[in-house]
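# Reading the structure
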2 protein chains.
Amino acid sequence: MTAKISDIAKLAGISSASVSRILNKTGRYSEETAKKVHKIAEEIGYYKDISASNLASQKSSTIGIIYTTLNTNFSNIVVDAIVSTATMNHFDTIMMQSKKDDANDLDQVCQRMMERRVFSILFVSIRPTAKTIQLLNNLGIVSLLVGTASPLSTPYISSNDYQIGFQATQFLLDRGYQKIGFAGADTTTDFVRRQRYSGYLAALKQASVRFSQDWKFDGDFSYDAGIQAATYYCHHQDLHAIIAASDEVSWGMLNGFQDRGVNVPEQIAILSIDGTDSCLRTRPKLSSVTQNFELMGKTAIEYLLQSPKNRKSKVFIPFRIDPRNTTR
Amino acid sequence: MTAKISDIAKLAGISSASVSRILNKTGRYSEETAKKVHKIAEEIGYYKDISASNLASQKSSTIGIIYTTLNTNFSNIVVDAIVSTATMNHFDTIMMQSKKDDANDLDQVCQRMMERRVFSILFVSIRPTAKTIQLLNNLGIVSLLVGTASPLSTPYISSNDYQIGFQATQFLLDRGYQKIGFAGADTTTDFVRRQRYSGYLAALKQASVRFSQDWKFDGDFSYDAGIQAATYYCHHQDLHAIIAASDEVSWGMLNGFQDRGVNVPEQIAILSIDGTDSCLRTRPKLSSVTQNFELMGKTAIEYLLQSPKNRKSKVFIPFRIDPRNTTR
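The following paragraphs examine the structure supplied in this document. (Residues numbered from 1 in each chain as written. Chains lettered and ligands numbered in written order. Predicted model: local features only at pLDDT ≥ 70, side-chain atom pairs only at ≥ 80, totals over all residues. Heavy atoms only, no water.)

## Concerning the nonpolar core
Going by this rule: To form a nonpolar core, buried Ala, Val, Leu, Ile, Met, Phe, Trp, Tyr and Cys residues must be joined to one another through side-chain atoms within 4.5 Å. Burial classes follow relative accessibility: with a 1.4 Å probe on protein chains only, a residue under 20% of its type's maximum area counts as buried, one over 50% as exposed, and anything between as partly exposed. We call two residues in contact whenever any of their non-hydrogen atoms come within 4.5 Å of each other.
Within the largest apolar cluster, 51 residues are counted, with the highest numbers of intra-cluster contacts made by Ile-82 and Leu-122 of chain A together with Ile-82 and Leu-122 of chain B. Once you skip the residues sitting within four places of it in the chain, Leu-122 of chain B turns out to touch Ile-63, Gly-64, Ile-65, Ile-66, Ile-82, Leu-144, Val-146, Ala-300, Ile-301 and Leu-304 of chain B.

Structural data, given as structure tokens:
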């Protein structure tokens, strides 16, 4: 039994339109009547129906968030920051999950999100197809990638991935490491990974270090990929250091090396990309390129608060390098 | 410009009611007309408005999820499992965040959730007040705690926390540890923590081990609480083993001990409660009481799929003890 405006109207002896004006604080009404209406509303457990009021105004204060999984090393930080900043700014958030690397599934989730009349969809570490983006544009729904970049014209908020690859490599070169591996990401298919890889290659080239194809070990950003990478690199101990695609990969690699009696950083150095808390919790602590995921989430909401003409199509969030104990 | 049913009706030259029947697959209509309607709907970018159809039917297929933060060691696993199981069963999920240990904030978030016309609210590791539960009951909204228990009459899905405390202690006693500490949870205020603590005390008593108040070190389940616990216990090295309230606490304690040159498990053993992946990733690997968070999330949706009369008010999800390398 859901209490309705008409129920309040009946009990207060006034019209539904008047009740609506009072509850929505529009138009004029006496304070006495307003008091009465609010009291009745509370007594009968009336709650304003957001569906109904969105329908009536055709405006929505709801932000949709689509993510693949929270159980990674940073998506949860981005999502937490989005939700808390959205809440502070009186937006509601609706979250939905999409399968990883499944464009069809993502399209369907987007469609269900549109049906919810959100005014914006934030994609956390996941990229919709050009077709979906076009559709969202046509419907006037603001789409924004957070924590990832795209070669398409979709606006995004992320780190500068080319610079991450370049500066990570430069950092290791500056410390005297020459033969530097690149582990844990598939560098052939994905835009972000290709960007980082390009930066890495460019820094090696600039330092006149001749890159060898077997310095690279592909993977899917996971802890297990790190374990596999350690096994692989144990047969390539001529390397001096390895850049790992994520904290998960670094962690797996560190454990993989240690379990095989390979000392980090004495025998081989590791530089992680991401820099979440887990870098501080491994022993030795992981040196890392540290991204600011919290700021990415916060900036996403600030983007939506701007007027459309002031919105930039790319926002790069600064990163830093934190030397810890897996590099000398 | 949102496309409406009436726009389709106009273009198809039939009534809005007919269009609605076709789109909702109710009533009779010719296949030819249906084809035409679907084609127009696609062309003009029509999406069924869930708000409108929920309003019309006064039924909702949306589940609300309220959590405090995803950035813990297990809430993200529970939430992921809820969302993916809900999706599989054609439910939508709306997630909202509430501040930790702030009953007022939680009440407000609940209210905003009710305004969204959800048919159920799942509380992940957070407990609403009796007043809120009563209100939800009055409105016919199914409330359910997941990953936590409550002394109130709210139904919940969790591990049996008394048994966790009891069996964890028993496990250590069986391995010859006598003086066993209890670290990282505030045992005075919280229901779940008190349950575990009672189990711990009961097991000690049964084994005729005389408990000493300074075996207990309170905390807030965090990594930092673990670091602090290690400092504390370094001055109480007569203890043989410690039960830690969470993986985070265990991890902090393990690092805290190692950073001080205290060997685990040679000098002191640690048994963690939770058993998430991080237990496999520390060195040495953490022995743990392992809860099944994925099954908790899955079971929450199964609970909702049952008819109200078949729903149990308490569902205990089995846990197990995984001996690894921080106990002998």
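## Digging into the packing of aromatic side chains
Quick reminder of the rule: Only the six-membered ring of Trp is used, alongside the rings of Phe and Tyr, when aromatic pairs are assigned; centres must lie within 6.5 Å, and planes under 30 degrees apart are stacked while those over 60 apart are edge-to-face, with the rest tilted. Each helix is a run of H or I in the DSSP string that is no shorter than four residues. Each strand is a run of E no shorter than two, and both are numbered from the N terminus. Here, over-ring charges are defined by two tests on the NZ atom of lysine or the CZ atom of arginine: distance to the ring centre within 6 Å, and angle to the ring normal within 35 degrees.
Evaluated as defined, the whole model comprises 29 aromatic pairs over all chains. Taking 4.8 Å as the distance between ring centres and 40 degrees as the angle between the ring planes, the aromatic pair formed by Phe-182 of chain A and Tyr-200 of chain A counts as tilted. Of this pair, Phe-182 of chain A sits in strand S6 (residues 180-183) while Tyr-200 of chain A sits in helix H9 (residues 191-206); the two residues are 18 residues apart in sequence, bridging distant segments of the chain. Considered together, Phe-182 of chain A and Tyr-200 of chain A belong to a single accessibility category, that of buried residues. Among the aromatic residues, ring-to-ring pairing joins Phe-182, Tyr-197, Tyr-200, Phe-211 and Trp-215 of chain A into one connected group. Between Lys-216 of chain B and the ring centre of Tyr-197 of chain B, over which it is positioned, the NZ or CZ distance is 5.3 Å. Taking NZ or CZ as reference, Arg-281 of chain B lies 5.2 Å from the ring centre of Trp-251 of chain A, over its face.

## Some remarks on H9 of chain A
Residue and element names in this part refer to chain A. Threshold: Multiplying 1.5 Å by the residue count of a helix minus one yields the expected span of that helix.
Taking 1.5 Å per residue, 16 residues should reach 22 Å; H9 reaches 22 Å between its end C-alpha atoms and fits that length. Among all positions in H9, only Phe-191, Val-192, Arg-193, Arg-196, Tyr-197, Gly-199, Tyr-200, Ala-203 and Leu-204 are buried. Its buried side turned inward, H9 meets helix H8 (161-174), S6, strand S7 (216-217), strand S8 (241-244) and strand S9 (269-274). In the stretch just after H9, Ser-208 is the one whose phi turns positive, near 55 degrees.

## With respect to the pairing of strand S6 (residues 180-183) of chain B
Residues and elements named next belong to chain B. To be explicit about the condition: By definition, two strands form a pair when at least two bridges between them are found by DSSP. We call a crossover right-handed when, viewed with both strands directed away from the observer, the connection leading from the first strand over the helix to the second proceeds clockwise.
Taking every second residue as pointing to the same face, both faces of S6 are buried, with Ile-180 and Phe-182 on one and Gly-181 and Ala-183 on the other. Across four bridges, the pairing between S6 and strand S8 (residues 241-244) is parallel. Each residue of the ladder has a partner; that of Ala-183, found in S8, is Ala-244. The sheet contact formed by S6 and strand S7 (residues 216-217) spans two bridges and is parallel. The residue of S7 that forms the bridge with Ala-183 is Phe-217. Following the backbone out of S6, through helix H9 (residues 191-206) and into the adjacent parallel S7, one traces a crossover that is right-handed.

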